[in-house]
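Next come the chains, spelled out residue by residue.
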Amino acid sequence: MDDFPLGLVLTLAGVAVSLLAFCWEFLFIRRKRIGYRVQLDTRIQADDNGQTEVNPGALRQLDFGDHGTRLIDPTLVLLRLENAGSTNIDLDDYAAREGADVGLQVQFPGRRVVDKAITETSDPHLDQFFGADSGLGHHGDTIRLPRVPLNRKAHYKVLAVLERDGPNPGREYPEPVLIGAIKGGVRSGRPVKTSSQTGASAWTWLLVASLAVALVAFGLDTWLLPPDPLGCTSGNLVITGSTAFENILQESMDGYTSTCSHAEVVRDTRNSADGILNLNKIAESGLPDKTKDYIVFSDGTTSSGSDRIKGRPVALVSFSIVVNPEATVPDLSLQNIKDLFSGKIKNWTELGGANLPVRLVGRTGGSGSRKAFEQALDGDEGVMNSENCRDLNHSLPSDPNRVRLCERSTTELLLDAVATTPGAIGYSETNKARGHTGVHTILISSGRSSLNNVSKDGFFWATEYAYTIGEPPVGSPVAGFLNYLTESVGKQAIRVGGAKPCADLTRATECVPD
């Protein structure tokens, strides 16, 4: 779900709603529409002194009708008719029989029309459509209005004088009713009641709000999920190999996928040798390129058996000798370690320690850490003769008098075995050893060793290599991760993990201690 493009979805939704609102308001609702608005509907009955509550004496003359008789409950109505659509209304747009002059009719239920007048047109040229032969007239409760061409937003106003026709309606008369239709208009072309627009319409506000949501969503997506930095790649990558380098790799993988949100990195738990073997199979398989996004990390160089497998140094990894604390030895010389793993020393009392038999814990064959240890030892780790690190396994051919030696497939399992076996000794990547409960790291106190991978500070080291199928193409997941690992952020993860980036060393190309 982290990759779900919420900002993009919200942005597209906002744009879609905006387009819908625009089309609804301006292309559908207002395609062709004639609207009307009652701007005035008031009684004008005067008292015996010629005054009225609503209008002063100047309107007294309206108190008498077309026959000079007193009007019954007279009223004034001012009606505004307008083109409320997005296109012009022509003479032929009125839904009237052919040759008819009348386009619309206004009915006043419960009232009789005494007289009417066109009091205002939005453009002087509209006056010609209200002449004596235009069809403008009235009868009973109805005013007949001629067909009038109206451009967008054009309007005219009709003032009507009316009197009551029938029972007293009470406080208010029913609203006027506009009868007629526009061909091709919405809602069957019937006139719609409009209102004075002093601000944006609801649809316009919806349009603005939708666009605002889209912009905010886009901004939040950019702020909360900024675009991947330059150098990031998309795609899936598999990383396997060295468990000694595992913590640094995990930290780097987390940092890389956090920085490059479109990349996915999976950790495979094979050891270095198995990883190289699998990498070689992939290289020779002829499978699609996307299956070749695979990196194997190994402590030290390893033979792949294929010219297509390329290794590049990444970091210098420090290793330590680890012992079970019950052995009670503070340090060991390189010769002591050789004698321990060769079986010459069988009890810790021979080194001034506790009366405990020596138990050796090593790594399985193919481990990069084992190769680094054997290089420091300038010899072989030995032959496994125990499963539980205590008892001799008689199914394994070995000298029964030899020191017990068990093997573990990962650094973590080796450290667990040393921690739970009294008198046990093994080796581990230094940072992992220091963070593991129940083990004690031992300094190699031989001083400057003649062996290339034993340092003056009492550790032995190995160059961590990254193996790939050939040179990874620019823009590939392999190239993206390796670039990240060797740049500033990745190098810091290596340093924090207790290793040294090759670039920090004087002999950076060889990636060996200064």
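Scoring rules and cut-offs
Residues numbered from 1 in each chain as written. Predicted model: local features only at pLDDT ≥ 70, side-chain atom pairs only at ≥ 80, totals over all residues. Heavy atoms only, no water. Helix = DSSP H or I, 4+ residues; strand = E, 2+ residues; numbered from the N terminus. Buried < 20%, exposed > 50% of the residue type's maximum accessible area, 1.4 Å probe, protein only. Polar contact = N/O pair within 3.5 Å; in protein donor to acceptor, adjacent residues only side chain to side chain. Pairing = 2+ DSSP bridges. Contact = heavy atoms within 4.5 Å. Salt bridge = Lys/Arg side-chain N within 4 Å of Asp/Glu carboxyl O. Axes fitted to C-alpha atoms, helices over the stretch in contact; angles between N-to-C directions.

Draft legend 1. A look at the side chain of Ser-367. Mapped onto the fold, Ser-367 is located in the loop between strand 15 (359–363) and helix 6 (368–377). Overall, Ser-367 belongs to the buried group, its relative accessible area being 2%. A distance of 3.2 Å separates a polar atom in the side chain of Ser-367 from the backbone nitrogen of Ser-369. Reaching out from Ser-367, the side chain makes a polar contact with the backbone nitrogen of Arg-370 at a distance of 3.2 Å.

Draft legend 2. Quick look at the sheet that holds strand 2 (residues 75–83). Taken in spatial order, the 5 strands make up an open sheet running 4-7-2-1-9, and their pairing is mixed. In the strand order of this sheet, the two ends are held by strand 4 (111–121) and strand 9 (192–193), each with one partner.

Draft legend 3. Inspection of the side chain of Thr-463 at higher detail. With respect to the secondary-structure elements, Thr-463 resides in strand 19 (residues 460–469). Polar side-chain contacts of Thr-463 include one of 2.8 Å to the backbone oxygen of Cys-511. Setting aside anything within four residues of it in sequence, one finds Thr-463 in contact with Ser-298, Asp-299, Gly-300, Pro-313, Ala-315, Leu-316, Glu-510 and Cys-511.

Draft legend 4. Inspection of the pattern of salt bridges at higher detail. Taken as a whole, this structure holds 15 salt bridges when the rule is applied. Here Glu-120 makes a salt bridge to Lys-157, at a shortest N to O gap of 3.7 Å. Remark: Lys-157 occurs in strand 7 (residues 155–164) and Glu-120 occurs in strand 4; sequence separation between them is 37 residues. Under the relative-accessibility criterion, Glu-120 is labelled partly exposed at 33%. Given the relative accessible area of 13%, Lys-157 is considered buried. For the salt bridge of Glu-381 with Arg-370, the shortest nitrogen-to-oxygen distance reads 3.3 Å. With Glu-381 in the loop between helix 6 and strand 16 (404–408) and Arg-370 in helix 6, this pair connects stretches of sequence that are 11 residues apart.

Draft legend 5. A look at the sheet that holds strand 6 (residues 142–146). Spatially, 4 strands are ordered 5-6-3-8 in an open sheet, and the strand pairing comes out antiparallel. Two strands bound the open sheet, and with one partner strand each, they are strand 5 (137–139) and strand 8 (177–179). On average, each strand axis in the sheet is inclined to that of its neighbour by 20 degrees, with strand direction left out of account. Bridge analysis of strand 5 against strand 6 gives 3 bridges, and the strand direction is antiparallel. Each residue of the ladder has a partner; that of Gly-137, found in strand 6, is Arg-144.

From the geometry alone we can't say anything about function, so treat these as descriptive.
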